[in-house]
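Residue-level structural notes
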Amino acid sequence: MKPTFWTNASLLLIAALLGECMEFLINMVLARELGETGLGLYMSILPAIMFLVVIASLELPISISKAVAEKDAVYHRSMLQHAVYFTSGFTIACLAAGLLVFPLIPVFHQYHSALPWLLLLLIPIISFSSIARGYFMGVQHMGKIAVANFLRRAVQLVLLITVFHFFHFDAEIAILLSLSTLIGTELVVFIYLAYGFIRTMKRLKQSPGEAMEKKSVLHLLLSVSLPTTGLRVFHAASFAMKPFLIKAALMQAGVGEELAVIQYGKLAGVAFTIGFFPAFIAHSLLIILIPTVSEAYAKKEIKRLEMLLSRIFFFTLLYALPAVYLFSFFSDELTSLFFEESPAAVYLQLLTPYFFFHFFVIPMQAFLIGLGLVKDAFYHSVWSTTVSFVLMYVLGSMPQLQMDGIIIGMNTGIVMLAMMHFMTIRYRLREPVGYRLQEI
């Protein structure tokens, strides 16, 4: 294992910690300024926006970082040029599709009429940011990734505090402005990454390089991007469906529609915000693991990968156990930062298995991508999500369970996902050894 791995990981962890602290403050500001119903509406539309981000990025950060890590530096400029041309055409197609589809989406009718236009603006910002992000990940310039991740939260927090401190709006405008801060933040990140990317391209132009055929570059990128995008689209689509599934189950159990929105807002805006807070560590590891695992597996360094997996698991345990302990025994104190005497305290306690296994699933997903097992990760997600959703609706519809039943379904799904990920990784790491023995 290269000594730079933990150095880069530490850099990302510091930036992510600061970003998550600000995310915590952002959700506190949103909770107090938007109110219970407004927070529920904000959290309900957020998964749809994340779904759009996944489509617009086409998972280029993953495919480009993997390709850059596996290929010599002489091919980088040619690869990036083809990636820019491809992204330009893809962005135009997405904008055209958005103009046709957005007016037909009934969910947008609950929000300000300007929201679809803001989302169209987000498409090119995300698409072209993805190229720069993927390159910097691949060459392990994690300083730029860390700054970009920090800016994403810092700018949004400053914008929210500024807007709500000096102005007061009705609920519809307040939600629109809160969502607008997301687009403004991504624009700032795009400017920062684009500046560094342009400088890098000028430097690569002055260095010796070899051209790659457009077809081979597209095959190299899309062979990773398409299945990974499929995985992320499925995650985003299921995440986008989750608030409506939960509200439907609660209403079936006899809960009123407005109360169901409020309960989901406290689940997503409070319990999820607290529970996912430590996951910044796992996401930081994912960024550095994908190119590291890809490079090691391309060189068939199986012992290195096994040691890395063990160390990642041990490191994850070091923060996962204290985190779930706090969630279990200090849930009232944590959730009172948002709302006093909130049912989110009970939600947080019941969700401790979900958060615990989630911390392990993220780095294991990075291993699956690096090992070329994106399809397996997709199938795992389909099975676990299907079981989870069925249980969430069936148990959540029971008047005696309601939200407790929904959480049981979520916990069951994440345990299934973690087990399938782990078994597949172990099988793949042992597979090349068997092949070498047969050759001998």
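Residues numbered from 1 in each chain as written. Predicted model: local features only at pLDDT ≥ 70, side-chain atom pairs only at ≥ 80, totals over all residues. Heavy atoms only, no water.

**Notes on the packing of helix α9 (residues 279-298) against helix α10 (residues 302-329)**
Under the convention used in this document: Throughout, an axis means a line fitted to C-alpha atoms (over the contacting stretch in the case of helices), and angles, computed between N-to-C directions, take values from 0 to 180 degrees. Counting from the N terminus, the helices are the DSSP runs of H or I reaching at least four residues and the strands are the DSSP runs of E reaching at least two. Orientation labels follow simple angle bins: below 35 degrees gives roughly parallel, above 145 gives roughly antiparallel, 65 to 115 gives roughly perpendicular, and whatever is left gives oblique. Pairs of residues are marked as contacts when any of their non-hydrogen atoms sit within 4.5 Å. In the scheme used here, Gly and all other residues not listed as nonpolar or charged are polar, with Ala, Val, Leu, Ile, Met, Phe, Trp, Tyr, Cys and Pro taken as nonpolar and Asp, Glu, Lys and Arg as charged.
Here α9 crosses α10 at 175°, and the two axes come no closer than 11 Å. Between α9 and α10, the crossing angle belongs to the class labelled roughly antiparallel. Within the contact between the two elements, α9 uses I281, A282, L285, L289, T292, V293, A296 and Y297 and α10 uses I302, R304, L305, L308, I312, F315 and Y319. Across the contact of α9 with α10, the residue classes tally to 13 nonpolar, one polar and one charged.

**Comments concerning helix α8 (residues 257-275)**
Definition in use: A helix is expected to span 1.5 Å multiplied by its residue count minus one. Three labels apply to residues, based on accessible area from a 1.4 Å probe with only protein chains included: buried if under 20% of the type maximum, exposed if over 50%, partly exposed otherwise in between.
Compared with an ideal rise of 1.5 Å per residue, which puts 19 residues at 27 Å, α8 spans 25 Å between its outermost C-alpha atoms and is within 8% of the ideal. With 16 of 19 residues buried, α8 lies mostly within the body of the structure.

**Re the packing of helix α3 (residues 76-101) against helix α4 (residues 115-138)**
Filter applied, for reference: Crossing handedness is defined as follows: a turn of the near helix away from the far one that is anticlockwise and smaller than a right angle gives a left-handed crossing, while the clockwise case is right-handed.
One way to put it is that α3 packs onto α4 with a least axis distance of 10 Å and a crossing angle of 165°. By the angle between their axes, α3 is roughly antiparallel relative to α4. When the axes of α3 and α4 are compared, the crossing they make is right-handed. Residues H76, L80, A83, V84, T87, S88, T91, C94, L95, G98 and L99 of α3 touch α4, and the partners they reach there are W117, L120, I123, P124, S127, F128, I131 and Y135. For the contact of α3 with α4, the per-class residue count stands at 13 nonpolar, six polar and no charged.

**So, empty space enclosed by the protein**
Over the atoms, a rolling probe the size of a water molecule traces out where space has been left empty. Operational definition: With a 1 Å grid spanning the protein atoms alone, the term cavity applies to any set of points in which a 1.4 Å probe fits but cannot get out, the term pocket to an open set with protein on both sides within 12 Å along at least five of seven lines, and the term lining residue to any residue with an atom within 4 Å of a point. Grid points are joined across faces, edges and corners, and a volume is the space filled by probe spheres set on the points.
The final tally for this structure, using the stated rule, is two cavities of 30 Å³ or more. Counted as a void, the second largest cavity has a volume near 30 Å³. Contributing to the lining of the second largest cavity are I64, V68, M79, L80, A83 and L221. For the lining of the second largest cavity, the per-class residue count stands at six nonpolar, no polar and no charged.

**Let's talk about the layout of surface pockets**
By volume, the largest pocket amounts to about 340 Å³. What lines the largest pocket is a set of 16 residues, among which A48, F51, L52, F102 and I105 lie closest to the centre. For the lining of the largest pocket, the secondary structure elements donating two or more residues are α1 (4-57), α3, α4 and α7 (214-252). Across the lining of the largest pocket, the residue classes break down as 15 nonpolar, one polar and no charged. One number sums up the size of the second largest pocket: a volume of about 200 Å³. If you trace the second largest pocket, you find it lined by F24, I274, F277, P278, Y319, A323, L326, F327, F330 and L334. Element by element, the count of residues in the lining of the second largest pocket is highest for α10, at four residues. Here the residues of the lining of the second largest pocket are counted per class, giving ten nonpolar, no polar and no charged.

**Examining the pattern of salt bridges**
This is how it is decided: Salt bridges are identified by distance alone: a Lys or Arg side-chain nitrogen within 4 Å of an Asp or Glu carboxyl oxygen.
In total, this model carries four salt bridges according to the counting rule given. Here R153 and E23 are joined by a salt bridge, their closest N and O atoms 2.9 Å apart. One end of the pair, R153, is in helix α5 (residues 142-166); the other, E23, is in helix α1, with 130 residues separating them in the sequence. Given a relative accessible area of 21%, R153 falls into the partly exposed group. Of the charged contacts, one joins R152 and E186 as a salt bridge, the two residues approaching to 2.8 Å between their closest N and O atoms. On the criterion of sequence distance, the pair formed by R152 in helix α5 and E186 in helix α6 (residues 171-205) is long-range, its members being 34 residues apart. Each member of the pair, R152 as well as E186, is classed as buried.

**A few points about the confidence of the model for the protein**
Where we set the bar: As a per-residue measure, pLDDT tells how confident the predictor is, with possible values from 0 to 100.
For the protein, the mean per-residue pLDDT works out to 85, and 96% of the residues sit at or above 70. Within the protein, helix α13 (residues 352-370) carries the highest mean pLDDT (94), whereas α1 carries the lowest (80). Low confidence marks residues 432-440, where pLDDT is under 50. Its contacts with residues over four positions away, or in another chain, come to five contacts.

**Regarding the nonpolar core**
Test applied: As used in this record, nonpolar core signifies buried Ala, Val, Leu, Ile, Met, Phe, Trp, Tyr and Cys residues forming a set joined through side-chain atoms within 4.5 Å.
Counting residues in hydrophobic clusters, the biggest one holds 143 residues, and the most contacted among them are I64, L267, L289, L305, L351 and F367. Ranked by residues supplied to this core, first place goes to α1 with 22 residues. Not counting residues within four places of it along the chain, the set of residues in contact with L267 comprises I246, F272, Y347, L351 and M403.

**Some details on helix α14 (residues 374-396)**
For α14, which comprises 23 residues, the first-to-last C-alpha distance of 31 Å matches the rise-based estimate of 33 Å (1.5 Å per residue) to within 8%. Turning to α14, its buried residues number three or more, namely V374, A377, H380, S381, S384, T385, S388, F389, M392, L395 and G396.

**A word on the side chain of T228**
Its place among the elements puts T228 in helix α7. The class of T228 is buried, set by a relative accessible area of 1%. Not counting residues within four places of it along the chain, the set of residues in contact with T228 comprises E59, I62, I369 and V374.

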